[in-house]
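Single-letter residue listing:
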Amino acid sequence: MGVPSAPRVFVSGLLPAPAMEQLAELDLGWWEGDNLSRERLLEEAARAQGLLTFLTDRVDEELLAAAGRLKIVANLAVGFDNFDLAAATRHGVLLTNTPDVLTEATADLAFGLLIAAARRFREGRDWLEGGHWQGWRPLLLAGQEVGGATLGIVGLGRIGRAVARRARGFDMRILYTASRRHPEAEDETGAVFVSLGELLEQADFVSLHCPLTPATHHLIGPAELARMKPTAVLVNASRGAVVDQTALLEALRAGRIFAAGLDVFEEEPIAPDDPLLGLPNVVALPHLGSATVATRTRMALRAVENLRAGLAGARPRDLLNPEAWHG
Ligand code: DGY
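The rules behind the values
Residues numbered from 1 in each chain as written. Predicted model: local features only at pLDDT ≥ 70, side-chain atom pairs only at ≥ 80, totals over all residues. Heavy atoms only, no water. Near = heavy atom within 4 Å. Polar contact = N/O pair within 3.5 Å; in protein donor to acceptor, adjacent residues only side chain to side chain. Nonpolar A, V, L, I, M, F, W, Y, C, P; charged D, E, K, R; others polar. Pairing = 2+ DSSP bridges. Helix = DSSP H or I, 4+ residues; strand = E, 2+ residues; numbered from the N terminus. Axes fitted to C-alpha atoms, helices over the stretch in contact; angles between N-to-C directions. Contact = heavy atoms within 4.5 Å. Buried < 20%, exposed > 50% of the residue type's maximum accessible area, 1.4 Å probe, protein only. Right-handed = clockwise from strand over helix to strand, strands pointing away.

A.B. asks: A description of the site of the ligand should follow, citing residues and the corresponding values.
C.D. replies: Every residue lining the ligand is accounted for by Leu 55, Ala 77, Val 78, Gly 79, Leu 102, Arg 239, His 287, Ser 290 and Met 299. Between the ligand and Val 78 there is a distance of 2.7 Å, counted from an oxygen atom to a backbone nitrogen or oxygen. Within the contact set of the ligand, an oxygen atom lies 2.7 Å away from a side-chain nitrogen or oxygen of His 287. Classifying every residue of the shell around the ligand gives 5 nonpolar, 3 polar and 1 charged.

Set out below in structure tokens:
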């Protein structure tokens, strides 16, 4: 497909139609299946000037060294832990992400998980489907109260702040921890800055919104889970590896915390028989944070805009490694 004399671009999967249309004048290839293999990505990278990647595609030294013509890699995600920024800069390859456009959708999903885990939606559904519902009882599937509770947000960037705005509507007390203070967000949402330890000890809900970096890898492990209240709920809509999943499984099994709402996992896709998915106090989704039609379309258009700018020699709007830019 596309125009052979134009720059070669490879996309890791079919995008919403408006975005595909904007790529039509390029020499375009895309992966039609579910999961693009590493081998095929390397093969395509070797001849492409532009790649539009998904968060599952590793863009590292191996790929960049084999991609002699590559000018830009545009990620269809705000998170970019799949990118080696330093390696791309060494190779003079521009990297971009898709900030802003998915903030509200992701915050909605995180808040949905928070309520679903607190109020035991999954067990309620299992109860109905299993034919266990005999009648109303005072404490049948009674969960944790959301309104007026204390929410601890780890990472008060765009998405964390959008979650805080939602929490205000539920009269929640909001604590946050982050690598730096966010005075503007504190003014807007009333969030109070505390240490991670204080947050874990005081929060009824802990919601993770930090990027995955070496510093946040397994940020929530056995010691952190042990500091949480036994009635607390953990929500993760950031990256799976921010949580030590084995430790989380043990904590949930032992009732050391009340429940978890998880949109992300250390390995994705998580195996359907993973014991975590079998726990009644886990509400799990397959990485759907930004998955609304409107948001995914905006993300795709933003990634295409970045890609086209990089190919045309212009500075992409969402450039992650300005050191590689020699405009
Ligand atoms: C992101 O953008 O980083 C999400 O995980 C997918 O929308």
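A.B. asks: Which residues make up the sheet that holds strand E4 (residues 72-75), and what values go with them?
C.D. replies: Ordered by their spatial adjacency, 5 strands build an open sheet running E2-E1-E3-E4-E5, and the pairing between neighbours is parallel. Each edge of the sheet is formed by a strand with only one pairing partner; in this case those strands are strand E2 (27-30) and strand E5 (94-96). For this sheet, the mean inter-axis angle between neighbouring strands, taken without regard to orientation, is 15 degrees. Both strand E1 (residues 8-11) and strand E3 (residues 50-53) contribute to a ladder of 3 bridges, which runs parallel. Residue pairing in the sheet places Phe 10 in a bridge with Leu 51 of E3. Most of the contacts of helix H2 (residues 38-47) go to E1, to which it runs at about 160 degrees, and overall it touches E1 and E3.

A.B. asks: Give a description of the pairing of E4 that names residues and reports values.
C.D. replies: Residues Ile 72 and Ala 74 point to one face of E4 and Val 73 and Asn 75 to the other, with burial holding for every one of them. Of the strand pairs in this sheet, E3 and E4 are connected by 4 bridges, and their pairing is parallel. Directly across from Leu 51, in E4, lies its bridge partner Val 73. This β-α-β element, E4 to helix H4 (residues 85-90) to E5, shows right-handed connectivity.

Keep in mind these numbers describe shape, not what the thing actually does.
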